[in-house]
Amino acid sequence: VFQYVPECYIEAMVDSFHALRRGDPQFATFPAMPDLSLDDLITCLVRHFSDTRIVNPDVRDIILQSMSMMLQHEQFVPAFEGNLSAKKGLVRKLLDSFDARFWIPISNILIRLCKGKGFGQGGTFTSDTFQARLRTSHSDEPEIFNNFMTRLFNMLNWTATEFSVSIKELLSSNMDHQQQQRKCSIMFELTCNLLRLIEFFAIQNPSCLVGGEDFEVKVPR
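In this text the structure is predicted, and so the values were computed from the model without any measurement.

Caption draft 1: Quick look at helix α1 (residues 7–21). For α1, with 15 residues, the first-to-last C-alpha span of 22 Å sits near the 21 Å given by 1.5 Å per residue. Within α1, burial applies to Ile10, Val14, Phe17, His18 and Arg21. The arc that holds the buried residues of α1, viewed along the axis, is 95°, so those residues lie on one side. Where α1 is buried, its residues contact α2 (38–48) and α3 (57–72).

Encoded structure:
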């Protein structure tokens, strides 16, 4: 269908959902509407956020951002946990799609799924279903998981380096301090998010970090 349907229709579908979600009455009545199934929408998002037939990366980014937004809200998480496509393939597709183009929105989604486990995370809402999938991904999909961890450490190395450079520029340059402070804040947040993911795997499945193949961490020059 992606060979024939304009990409703007996909955007229209996602925008229509968000318009209904923010409507009055709010989303609570949405699943009861006969032609608008939340489960079908989640299936569509999960199946196609990594679909290579969607050649426009901005459209894939819209789908990822929509999933990330939905997983921020407690009422949507059970719908994802009960969706067949999400239970079978969401975690695997997220790990496999963690690349140079989509690592930021995917790391945000993974952070949502990991919420409630680790330092300073006590008492917050969590997703046991997807955390169990993440916990066993090392043994279930070893090649995908090892590739993901390699990219994760590489991106952490890059963000930490950029954060260090941004701090030096802020302290030593006469550039716009407000802009530099914003850059420092962004790089600090990205670095913390990646460290948070490593913390989750280190706590939940330590063997994935102390055994197996070595990670090929690239040191920037």
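Caption draft 2: Quick look at the pattern of salt bridges. Inspection of every chain in the model, using the stated rule, returns four salt bridges. Residue glutamate 169 is joined to lysine 183 by a salt bridge in which the shortest nitrogen-to-oxygen separation is 3.9 Å. Taken together, the residues glutamate 169 in helix α8 (residues 142–172) and lysine 183 in helix α9 (residues 177–204) connect sequence positions 14 residues apart. The closest approach of N and O atoms between glutamate 199 and arginine 196, which form a salt bridge, is 3.0 Å. Taken as a pair, glutamate 199 and arginine 196 lie in helix α9 at a separation of three residues, close to a single helical turn.

Caption draft 3: Layout of the side chain of lysine 93. Relative to the elements of secondary structure, lysine 93 occurs in helix α5 (residues 84–96). Look at lysine 93: it is buried, it has no salt bridge, and the nearest opposite charge is aspartate 51 at 7.4 Å. There is a polar contact of 3.2 Å between the side chain of lysine 93 and the backbone oxygen of arginine 47. Beyond its immediate sequence surroundings of up to four residues, lysine 93 is in contact with Val46, Arg47, Phe49 and Ser50.

Caption draft 4: Molecular detail of a negative patch on the surface. Among the surface-exposed residues, Asp96, Asp99, Asp140, Glu141 and Glu143 lie close enough to one another that they form a single negatively charged patch. Inspection of the secondary structure puts aspartate 99 in the loop between α5 and α6 (103–114).

Caption draft 5: Structural context of the side chain of serine 85. For serine 85, the position within the fold is in helix α5. Taking the relative accessible area as the measure of exposure, serine 85 reaches 16% and is therefore buried. A polar side-chain atom of serine 85 sits 3.4 Å from a polar atom in the side chain of arginine 47. Ignoring any residue separated from it by four or fewer positions in sequence, one finds serine 85 in contact with Thr43, Val46, Arg47 and Leu90.

Caption draft 6: Here's a closer look at the nonpolar core. Residues Met67, Met70, Phe80, Leu90, Leu110 and Leu134 are the most contacted members of the largest nonpolar core, which totals 51 residues. The contacts of methionine 67, once residues within four sequence positions are left out, are Leu45, Val46, Phe49, Phe80, Leu90 and Ile109.

Caption draft 7: Spotlight on the packing of α2 against α5. Their axes nearest at 9 Å, the elements α2 and α5 cross at an angle of 30°. If you check the angle between α2 and α5, you find them roughly parallel. Here α2 runs over α5; the crossing is left-handed. Judged by residue contacts, Thr43, Val46 and Arg47 of α2 engage Ser85, Ala86, Leu90 and Lys93 from α5. Counted by class, the contact of α2 with α5 contains three nonpolar, two polar and two charged residues.

The rules behind these values
Residues numbered from 1 in each chain as written. Predicted model: local features only at pLDDT ≥ 70, side-chain atom pairs only at ≥ 80, totals over all residues. Heavy atoms only, no water. Helix = DSSP H or I, 4+ residues; strand = E, 2+ residues; numbered from the N terminus. Expected span 1.5 Å × (residues − 1). Buried < 20%, exposed > 50% of the residue type's maximum accessible area, 1.4 Å probe, protein only. Arc of directions from axis to C-beta. Contact = heavy atoms within 4.5 Å. Salt bridge = Lys/Arg side-chain N within 4 Å of Asp/Glu carboxyl O. Lys, Arg positive; Asp, Glu negative; His and termini not counted. Polar contact = N/O pair within 3.5 Å; in protein donor to acceptor, adjacent residues only side chain to side chain. Patch = residues over 30% accessible without salt bridge, like charges linked within 9 Å, V, L, I, M, F, W, Y side chains within 5 Å. Areas by Shrake-Rupley, 256 points an atom, 1.4 Å probe, with all protein chains shown as cover. Charge placed at Lys NZ, Arg CZ, Asp CG, Glu CD. Core = buried A, V, L, I, M, F, W, Y, C linked by side-chain atoms within 4.5 Å. Axes fitted to C-alpha atoms, helices over the stretch in contact; angles between N-to-C directions. Parallel < 35°, antiparallel > 145°, perpendicular 65-115°, else oblique. Left-handed = near helix turned anticlockwise from the far one by under 90°. Nonpolar A, V, L, I, M, F, W, Y, C, P; charged D, E, K, R; others polar.

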